[in-house]
Amino acid sequence: MILIDATYINVGGGKVLLDLLIQEIIKKNIKAFFLLDFRISKNYPFIDDLNKTSIKPSIIERHLFYLKNKDRFKTVLCFANIPPTLNLNSKVYTFFQNVDLLKNISYKSLLKKYFIRLFVNNSDGWIVQTETVSKLIQKIGVKINRIYIYPFFREFSLSKLNRSEDTLKYIYVSSGERHKNHERLLTAFKKYHSINNNVELILTIEKKYYSLCKKIDFLNKEGIPVKNIGIVSKEQLHKEYINANFAIYPSIYESFGLGLVEACQYNLPIIASEKEYVKEITEPSLFFNPDSEKSILNALIKSKKSLGCNSNLKVDNSINKIIKLLS
């Protein structure tokens, strides 16, 4: 039996990928057990109760689970960056998808980085989605011959688009962490609106990012059309994508950039940070310096010339390779 350990996953891109992985495992009738964060345990009523359990995202609770079940599973996939705290009698893979743990210098991130280093050899293999992340995890002691670069994402085809050019809509699908660079984007967009008032910015920031949400409220009161839809269903997000004219992606760094993949699949021109993670996934219509509000503004001003252009996807979906690796 395979164990999918998703102890620390409950929102964001990680949750999107976890849903996709669970869907594929069930579709292929693979025998698996799921260790879930208690905050999302009710999200999967279609998984038999005998094949899942939920715990708090706690190091101690997770450790106790492994102590109790260390000989139960043939293969283990740790789906949230951190290997098991025990050396298991199983083939163990760790899916690493949080570059912020390695880039951030906060006390909490440094502690997590130390923790990963401590147990790095408890994982036989490490699954990442880009060459950029592969290079980063080598710096914390992961050997290159243990790394698998397997990007994966949901695939779909479009039947209908509903794009108007009366108001140019820019969409940025992302959470509100600091490295996502919303502050500079909002400042640049405010200036852009003073030049062209037939524009709108759509964001997906959770309410817990209070200062960002407050800034958006202030902009709305000033008449700047920034629409924050928060966390929404796939159906609602689909509606926003098919109505958008551009995808903008100002993030400083990413483990993958799922929003870039989605923008390509929705045939949107992309305006993005001139960063290596972007170049690994797609060739945008326009690059900008994410550290410069002026550069972001200039890209927004020039973006109209890219209307109707598509951005090509450079990566292949490796979900089947991951399933094969595990099974």
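Residues numbered from 1 in each chain as written. Predicted model: local features only at pLDDT ≥ 70, side-chain atom pairs only at ≥ 80, totals over all residues. Heavy atoms only, no water.

### A closer look at helix 8 (residues 234–243)
Think of an α-helix as 3.6 residues a turn; residues three or four steps apart then line up on the same face. Selection rule: Exposure classes here rest on a 1.4 Å probe applied to the protein chains alone. A residue is buried below 20% of its type maximum, exposed above 50%, and partly exposed in between. Labels follow the DSSP assignment, with helices taken as runs of H or I lasting at least four residues and strands as runs of E lasting at least two, numbered in each case from the N terminus. Only heavy atoms matter for contacts: two residues are in contact if any of them lie within 4.5 Å across the pair.
For helix 8, the complete set of buried residues consists of Leu237, Glu240, Tyr241 and Ile242. Of the surrounding elements, those touching the buried residues of helix 8 are strand 8 (168–172), strand 9 (199–203), strand 10 (226–228) and helix 9 (258–265).

### What about a nonpolar patch on the surface?
Here is the rule we go by: A patch consists of residues whose relative accessible area exceeds 30% and which take part in no salt bridge; residues with like charges are grouped when within 9 Å of each other, and nonpolar side chains (Val, Leu, Ile, Met, Phe, Trp, Tyr) when within 5 Å. Using a 1.4 Å probe, accessible areas were evaluated by the Shrake-Rupley method; residue-level cover was limited to the displayed protein chains. Every case where a carboxyl oxygen of Asp or Glu lies within 4 Å of a side-chain nitrogen of Lys or Arg is listed as a salt bridge.
A cluster of nonpolar side chains, contributed by Ile60, Leu64 and Leu67, occupies part of the molecular surface with about 300 Å² of accessible area. Locating Leu67 in the fold gives a position in helix 2 (residues 59–69).

### Some points on the sheet that holds strand 9
Which entries qualify depends on this criterion: Between any two strands, at least two bridges found by DSSP are needed for them to pair. For helices, the axis comes from a line fit to the C-alpha atoms of the stretch in contact; other axes are also lines fit to C-alpha atoms, and the angle between any two N-to-C directions lies between 0 and 180 degrees.
Read from one edge of the open sheet, six strands run 10-9-8-11-12-13, paired in parallel fashion. In this open sheet, the two strands that pair with only one neighbour each are strand 10 and strand 13 (286–288). Across this sheet, the average inter-strand angle for adjacent strands is 20°, counted without regard to direction. As defined by bridge partners, strand 9 adjoins strand 10 across three bridges and the pair is classed as parallel. Its bridge partner being in strand 10, Leu201 is matched across the sheet by Val226. Sheet strands touched by helix 11 (residues 293–302): strand 8, strand 11 (246–249), strand 12 (270–273) and strand 13. Its angle to strand 13, the strand with the most contacts, is close to 165°.

### A short note on the pattern of salt bridges
Oppositely charged side chains are able to pair whenever their charged atoms sit close together. Scanning all chains against the criterion turns up 13 salt bridges. Lys52 is paired through a salt bridge with Asp49; the nearest N and O atoms lie 4.0 Å apart. One continuous salt-bridge network, built from bridges that share partners, spans Glu24, Lys27 and Lys28.

### Thoughts on the sheet that holds strand 2 (residues 32–37)
Spatial strand order, 3-2-1-4-5-6-7: seven strands in an open sheet with parallel pairing. Two strands in the sheet have a free side with no partner beyond their single neighbour: strand 3 (52–55) and strand 7 (147–149). Between one strand axis and the next, the sheet turns through 20° on average, direction left out of account. Lying on the sheet, helix 1 (residues 12–27) is in contact with strand 1 (2–6), strand 2, strand 4 (75–78) and strand 5 (91–95); it crosses strand 1 at an angle near 165°.

### Side note on the packing of helix 6 (residues 182–195) against helix 7 (residues 210–221)
Worth spelling out the cut-off: Angles below 35 degrees are treated as roughly parallel, those above 145 as roughly antiparallel, those between 65 and 115 as roughly perpendicular, and all remaining angles as oblique. Classes in brief: Ala, Val, Leu, Ile, Met, Phe, Trp, Tyr, Cys and Pro nonpolar; Asp, Glu, Lys and Arg charged; the others, Gly included, polar.
At a minimum axis separation of 11 Å, helix 6 and helix 7 run at an interaxial angle of 5°. Comparing the axis directions of helix 6 and helix 7 gives the class roughly parallel. Across the interface between the two elements, His182, Glu183, Leu186, Thr187 and Lys190 from helix 6 touch Leu212, Lys215, Ile216 and Leu219 from helix 7. Among the residues making up the contact of helix 6 with helix 7, the classes are represented as four nonpolar, two polar and three charged.

### Some points on the environment of Ser194
Note that Ser194 resides in helix 6. For Ser194, a relative accessible area of 63% translates into the label exposed. Along the backbone, Ser194 and Ile224 are 30 residues apart, and their C-alpha atoms lie at a distance of 8.9 Å.

### Here's the deal with the side chain of Ser174
The residue Ser174 is located in the loop between strand 8 and helix 6 in this model. Since its relative accessible area comes to 7%, Ser174 is described here as buried. For Ser174, the residues in contact, after removing those within four places along its chain, are Lys180, His182, Thr204 and Ile205.

### Some thoughts on the packing of helix 6 against helix 11
Applicable threshold: Helix crossings get a hand from a simple test, with the near helix turned counterclockwise from the far one by less than a right angle marking a left-handed crossing and a clockwise turn marking a right-handed one.
Close contact between helix 6 and helix 11 brings their axes to 9 Å; oriented N to C, the two are set at 45°. Looking at the two axes, helix 6 sits oblique to helix 11. Note that helix 6 runs across helix 11; the crossing there is right-handed. Counting all contacts with helix 6, which are made through Arg184, Leu185, Thr187, Ala188, Phe189, Lys191, Tyr192 and Ile195, the residues of helix 11 involved are Glu293, Ile296, Leu297, Leu300 and Ile301. When the residues that make up the contact of helix 6 with helix 11 are grouped by side-chain class, the tally is nine nonpolar, one polar and three charged.

This is a description of form; function is not addressed.
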